[in-house]
2 protein chains.
Amino acid sequence: MNDNEKEPEAEESGRFAYTGLDPVLHSQNRIGILTALATHSDGLSFGDLARLCSLTDGNLSRHLDMLARSEASKPALVKITKSFQDRRPLTTVVLTSNGRKRFREYLTQLEKVLRDAAAQADAQAAKSKTRPGLAGA
Amino acid sequence: MNDNEKEPEAEESGRFAYTGLDPVLHSQNRIGILTALATHSDGLSFGDLARLCSLTDGNLSRHLDMLARSEASKPALVKITKSFQDRRPLTTVVLTSNGRKRFREYLTQLEKVLRDAAAQADAQAAKSKTRPGLAGA
């Protein structure tokens, strides 16, 4: 047994549980919304956000509700402000400091998944290199 | 308008849609199962896999069904083999080549999310640096 080929028994329980992948954030659409908002610190209008994330108004509303008002997202991850621009109603969405913090923690978990998967690729490469009969094949 | 502060209008629709985040793979538990299997090219026993991912037997079965038999995972992403070891039944799970390919594509999408979020952090840093009155603060 070498470092590249650990027995499963040597690995701790829950090694691949990734419990830190916050379910409020771990959704294809909400990842998009949060990345878009993190990219625009002054916030985005509801319309621009829907367009950038390819979401219908109804779908975006549903996701924003979850990020702003659900029990699991307290304190709120996004703040929604209604105002007027040229006498037309304007809804603006901005990431809260809690939203930025939770999103950063979530991204750290994604990095962990990528590191784990990359470590595996390295181990595999090392394994094939030392496998007899495959050198130079 | 400089490079660090693009107007939303300048960004293409769907810029943050992340449609490549394969819903069959994009689940906290299935990410764990696939990373565990990718780390063990000879496969893992059902028991070891459950332990490494902190899953109950029932939950692991349900996720493996989705990865091996659902319409959305054709050809199958994992292969399940039943055999005997010391006269006791042994279920072994291994990643198929299609599973490895789909998981790699999924990881590429995660990298894109992280790149997009990191680009934002850089832009923010540049922005604060050039903000008057905050130098050295």
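Conventions used here
Residues numbered from 1 in each chain as written. Chains lettered and ligands numbered in written order. Predicted model: local features only at pLDDT ≥ 70, side-chain atom pairs only at ≥ 80, totals over all residues. Heavy atoms only, no water. Contact = heavy atoms within 4.5 Å. Buried area = accessible area lost by both parts, 1.4 Å probe. Salt bridge = Lys/Arg side-chain N within 4 Å of Asp/Glu carboxyl O. Helix = DSSP H or I, 4+ residues; strand = E, 2+ residues; numbered from the N terminus. Nonpolar A, V, L, I, M, F, W, Y, C, P; charged D, E, K, R; others polar. Core = buried A, V, L, I, M, F, W, Y, C linked by side-chain atoms within 4.5 Å. Buried < 20%, exposed > 50% of the residue type's maximum accessible area, 1.4 Å probe, protein only. Axes fitted to C-alpha atoms, helices over the stretch in contact; angles between N-to-C directions. Parallel < 35°, antiparallel > 145°, perpendicular 65-115°, else oblique. Phe/Tyr/Trp six-rings, centres within 6.5 Å; stacked < 30°, edge-to-face > 60°. Pairing = 2+ DSSP bridges. pLDDT = per-residue confidence, 0-100.

Q: Explanation requested: the interface of chain A and chain B in the structure shown.
A: Interface size is commonly expressed as the accessible area that is lost once the parts come together. The partner chain B presents 42 residues to the 42 residues of chain A that form the contact. Here chain A packs against chain B, burying approximately 3,600 Å² in sum over the two surfaces, 59% of which is carbon and sulfur. The tally of links between chain A and chain B comes to zero salt bridges. Broken down by secondary-structure element, the contributors of at least two residues to the side of chain A that touches chain B are helix H1 (28-39), helix H2 (46-52) and helix H4 (97-130) of chain A. Per element, the largest residue contribution to the side of chain A that touches chain B is 12 residues, and it comes from H4 of chain A. Tallied by class, the residues present in the side of chain A that touches chain B amount to 17 nonpolar, 14 polar and 11 charged.

Q: What should I look at first to understand the nonpolar core in this one?
A: The nonpolar side chains of soluble globular proteins are, as a tendency, buried together. Counting 66 residues, the largest nonpolar core has Ile33, Leu49 and Val78 of chain A together with Ile33, Leu49 and Val78 of chain B as the members making the most contacts within it. The contacts of Leu49 of chain B, once residues within four sequence positions are left out, are Ile33, Ala36, Leu37, Leu44, Leu60, Leu64 and Val93 of chain B.

Q: Whenever I open this one, the packing of H1 of chain A against helix H3 (residues 57-69) of chain A confuses me. Can you help?
A: Between two packed helices, what matters for the description is the angle formed by their axes and the separation of those axes. Residue and element names in this part refer to chain A. Two elements in contact, H1 and H3, have axes whose closest approach is 10 Å; the angle formed by their N-to-C orientations is 75 degrees. One way to sum up the angle between H1 and H3 is to call them roughly perpendicular. From H1, Asn29, Arg30, Ile33 and Leu34 reach across to H3, where they touch Leu60, His63, Leu64, Met66 and Leu67. When its residues are assigned to classes, the contact of H1 with H3 shows six nonpolar, two polar and one charged.

Q: Sorry if this is basic, but what is going on with the packing of aromatic side chains here?
A: Two measures describe an aromatic ring pair: the distance that separates the ring centres and the angle between the ring planes. Evaluation of the coordinates by the stated rule reveals three aromatic pairs over all chains. Arranged with centres 6.5 Å apart and planes meeting at 15 degrees, the rings of Phe103 of chain A and Tyr106 of chain A form a pair that is stacked. Taken together, the positions of Phe103 of chain A and Tyr106 of chain A, both in helix H4 and three residues apart, correspond to about one turn of that helix. The class for Phe103 of chain A is buried, based on a relative accessible area of 3%. When the centroid spacing of 6.5 Å and the interplanar angle of 70 degrees are considered together, the rings of Phe16 of chain B and Tyr18 of chain B count as edge-to-face. You'll find Phe16 of chain B and Tyr18 of chain B in the same group, each marked buried.

Q: Looking at this model, I keep getting lost on the pairing of strand S2 (residues 78-85) of chain A. Mind explaining?
A: Looking along a regular strand, one sees side chains alternate from face to face of the sheet. Residues and elements named next belong to chain A. For S2 and strand S3 (residues 88-95), the ladder comprises eight bridges, and the chain directions are antiparallel. Looking at the pairing, Val78 lines up with Leu95 of S3. As consecutive antiparallel partners, S2 and S3 are separated by two residues, and within that stretch Asp86 has a phi angle of approximately 50 degrees, a positive value.

Q: Got a minute to help me understand the sheet that holds S2 of chain A in this structure?
A: Note on sheets: strands pair through backbone hydrogen bonds, and any given pair is parallel or antiparallel. Residues and elements named next belong to chain A. With antiparallel pairing, the three strands of this open sheet are ordered in space as S1-S3-S2. Looking at which strands have only one partner, the edges of the open sheet turn out to be strand S1 (44-45) and S2. Contacts between H1 and the sheet are confined to S1, S2 and S3, with S3 contributing the most and set at about 95 degrees to the helix.

Q: Could you clarify how one ought to interpret the confidence of the model for chain A in this entry?
A: Should pLDDT be low for a region, the predicted coordinates there are not to be read in detail. On average, residues of chain A score 86 in pLDDT, and 80% of them reach the 70 mark or higher. Taken together, the stretch residues 131-137 of chain A has pLDDT below 50 and engages in one contact with residues farther than four places along the chain or on a different chain.

Q: Is there a simple way to explain the pattern of salt bridges in this structure?
A: It is possible for side chains bearing opposite charge to pair when their charged atoms get close. All names here are of chain A. Within this structure, the stated rule accounts for 14 salt bridges over all chains. A salt bridge links Arg69 to Asp65; the shortest N-O distance between them is 2.6 Å. Note that Arg69 and Asp65 are positioned in helix H3 at a spacing of four residues, about one turn of the helix. On the basis of relative accessible area, Arg69 is assigned to the exposed category, the value being 56%. Two residues, Glu105 and Lys101, come together in a salt bridge whose shortest N-O distance is 3.3 Å. Separated by four residues within a single helix, Glu105 and Lys101 lie in helix H4, roughly one turn from each other. On the basis of relative accessibility, which here comes to 43%, the residue Lys101 falls in the partly exposed class. Taken together, the shared-partner salt bridges in this structure form one network comprising Arg15, Lys112 and Asp116.

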